[in-house]
Every structure is written in C-alpha cells, then in structure tokens.
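Structural overview for review
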Protein chains: 2
Amino acid sequence: MRDRRSGYGECPNEEGCPVEYTLDVIGGKWKGVLLYHMIEGPIRFNEFRRICPTITQRMLTLQLRELEEDGIVNREVYPQVPPKVEYSLSEFGSTLVPIILEMKTWGEKHKKLSSIAAR
Amino acid sequence: MRDRRSGYGECPNEEGCPVEYTLDVIGGKWKGVLLYHMIEGPIRFNEFRRICPTITQRMLTLQLRELEEDGIVNREVYPQVPPKVEYSLSEFGSTLVPIILEMKTWGEKHKKLSSIAAR
DNA sequence: CTGGATCCCTTTCGATACTG
DNA sequence: CAGTATCGAAAGGGATCCAG
C-alpha cells in the first residue's frame, strides 16, 4: 500500500514546509498531468489513455486511485453496458487549479525555447 | 545516468502537454522543496540538511545535481578551508518561483485543516 | 469499456563507510 | 564542510492475461 506521506505523523517537528505538504498530494509522477486534463471537465478512462499514450493502464489506475483517496477527484460510475466511468475534479481538487495553471503557463513558455535550442 | 525526460525525443507527437514538461523539470521528489528554500537567497549544503532533516545526504546531492544540470540552480564553490558551497536560483530558475509560491500558499492553507482533522 | 491480478525487471532510495 | 562509493531493500513500472 501507499505509505502515508513523507514523514508527517512520525516526524515530530511540525514545521514541515508547506511546499513539501503540497508535493505529497500532487507529487505523483502523473498527477499533475491528470489534474490538468480534468480542468476542462469530466474525462473518461480511455480518454486519458488517448491523451497520454505514454502512461500505462496500470499507472493510470493507480494514480487515479490515489487522487480519489485524497479527495481530489470524483469517480462517477455509470451502471450501463458498456461501462462508463468519468473522473472529475472535486471541489477540494479545484483549489489546486492555480498551481496547475502556473505549471501550464511555464511549460508552454519554455517548451518552445528548448525545442528550438534542441539538444 | 538520468534518462533524458519522460518521452520527449523519442515521442514523435509534439503535443506533449505543457504540464508534463514542467513536471519533468521540477517533478523530482524533493526539487520543489529545495527550490522553495532557495527563494530567500543562497543556501549551503548543510543548511539544507538542517532544514529538511528527512532528506538523505545522498538524495540531496543527486537532486541538486539535476537541478544544476537543468540550469535551474547555480552552484558556487568557495575555495577555502573548510569548504563552502552555496546553491542559489539561476535567472532561469527564478522563472519557476510563481509555481513554488502557489504551492506554498496551498500547502499553508490546507496543512492546518488536515492537522485539525488529524487521524 | 474499465479496470483487477500477477509476474518480473528496473530504478530509486536509505544506510553506512570513507575522503579531500 | 561537502561530498563520493557501495550495497541491499523497497518502490516503480511494463507486459500480459483475465473479468464484469
């Protein structure tokens, strides 16, 4: 199972920096990306797979589960055939949007530059 | 050695989302935290260790090296005895500050809440 | 379509000891 | 003080098969 956070709990010093706390929540390898794609609205499992072809099914499931456990995303199952499951930002998850958008802005700006400089 | 990024390069589709790109740069487990502490000014190796007692010396070295390779931090060595090395945000690294500050704000806000809910 | 379960290799990471 | 080196444990992650 997922070990509960990077030290809060055992760690007695309560001054653990706020950034560390935030990264505990959204620091997963793919979480930022997944949250980003949910900003526009609910999104289905296989839509994620199309949008992020490099993430494996397994990882997608695991990361979504963790986000769900943390109350950041809602998972809505439509009992029908074929099954349909939609993921969306919870109210709590929405408070993270400013962070994600800052990341988006920065990424847009510097991705171009680095693709010019190439390597 | 550090493998070059999560797919950019091999991945032909150039639409890789900007958030993914950003996370490639600051997504390391401790990078956000380290950047955060450098906002206030240059900081020495052992200062980091005092501030973040849970990060091991090894990890601290590795993460700082990666940040240096990416041009985000400057590493200044003072040739003296005992040695003194200072790490600081580069001009490029400074462009990340808004993201870090958003993380700080969010963390401050929600750390309290969750410490009340406790467990 | 949306996953769960398993196998297994790779990478990460912590602990410890050592160095200029 | 600011690291490097090495080792073993743990976690990450891909591939494949199966199921409601």
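Above this text you will find the structure in question.
Residues numbered from 1 in each chain as written. Chains lettered and ligands numbered in written order. Predicted model: local features only at pLDDT ≥ 70, side-chain atom pairs only at ≥ 80, totals over all residues. Heavy atoms only, no water.

**Quick word on the overall build of chain A**
- Looking only at helices and strands, chain A features six helices and three strands.
- Moving toward the C terminus, one meets the helices and strands of chain A in the order α-α-β-α-α-β-β-α-α.
- Taking the intrachain contacts of chain A between residues at least 6 apart in sequence as the baseline, contacts between residues at least 24 apart amount to 48%.
- Counting every atom, chain A has about 6900 Å² of accessible surface; 53% of that belongs to carbon and sulfur. (Helix = DSSP H or I, 4+ residues; strand = E, 2+ residues; numbered from the N terminus. Contact = heavy atoms within 4.5 Å. Areas by Shrake-Rupley, 256 points an atom, 1.4 Å probe, with all protein chains shown as cover.)

**Some remarks on the protein's contact with DNA strand D**
- Contacts to DNA strand D come from 18 residues, most closely from Lys-29 and Arg-58 of chain A together with Gln-57, Arg-75 and Tyr-87 of chain B.
- A distance of 2.4 Å separates a phosphate oxygen of DNA strand D from a polar atom in the side chain of Arg-75 of chain B.
- Val-85 of chain B places a polar main-chain atom, nitrogen or oxygen, 3.3 Å from a phosphate oxygen of DNA strand D.
- Those elements that place two or more of their residues in the surface near DNA strand D are α4 (57-69) of chain A together with α3 (45-51), α4 (57-69) and β3 (84-89) of chain B. (Near = heavy atom within 4 Å. Polar contact = N/O pair within 3.5 Å; in protein donor to acceptor, adjacent residues only side chain to side chain.)

**Brief notes about the sheet that holds β3 of chain B**
Residue and element names in this part refer to chain B.
- If you walk across this open sheet you meet the three strands as β1-β3-β2, and the pairing is antiparallel. Where the open sheet ends on each side, the last strands, each with one partner, are β1 (43-44) and β2 (73-78).
- In this structure, β2 lies alongside β3, joined through six bridges in antiparallel fashion. Of the residues in β3, the one forming a bridge with Tyr-78 is Lys-84.
- Of the strands in this sheet, β1, β2 and β3 touch helix α2 (residues 31-38), which is tilted by about 95 degrees from β3. (Pairing = 2+ DSSP bridges. Axes fitted to C-alpha atoms, helices over the stretch in contact; angles between N-to-C directions.)

**Looking at the interface of chain B and chain A**
- With 39 residues of chain B at the contact, the number on the chain A side is 40 residues.
- Note on chain B versus chain A: buried area summed over both sides is about 3500 Å², and carbon and sulfur give 72% of it.
- In this structure, the connection of chain B to chain A is made through zero salt bridges.
- There are eight residue pairs in polar contact (both at pLDDT 80 or more) connecting chain B and chain A.
- When residues of the side of chain B that touches chain A are traced back to their parent elements, those giving at least two are α1 (18-26), α2 and α6 (97-117) of chain B.
- Per-element accounting of the side of chain B that touches chain A gives the leading share, 12 residues, to α6 of chain B.
- By residue class, the composition of the side of chain B that touches chain A is 19 nonpolar, 11 polar and nine charged. (Buried area = accessible area lost by both parts, 1.4 Å probe. Salt bridge = Lys/Arg side-chain N within 4 Å of Asp/Glu carboxyl O. Nonpolar A, V, L, I, M, F, W, Y, C, P; charged D, E, K, R; others polar.)

**Quick word on the pattern of salt bridges**
- Applying the stated rule across the entire model yields eight salt bridges over all chains.
- Put simply, Glu-66 of chain A and Lys-31 of chain A hold a salt bridge, and the shortest N to O gap is 2.8 Å. In this pair, Glu-66 of chain A sits in helix α4 while Lys-31 of chain A sits in helix α2 (residues 31-38), placing the two residues 35 residues apart along the sequence.
- Measuring nitrogen to oxygen at the nearest pair gives 3.9 Å for the salt bridge that ties Lys-104 of chain B to Glu-108 of chain B. A residue pair is termed a helical-turn pair when its members lie 3 or 4 positions apart in one helix, as Lys-104 of chain B and Glu-108 of chain B do in helix α6 at four residues.

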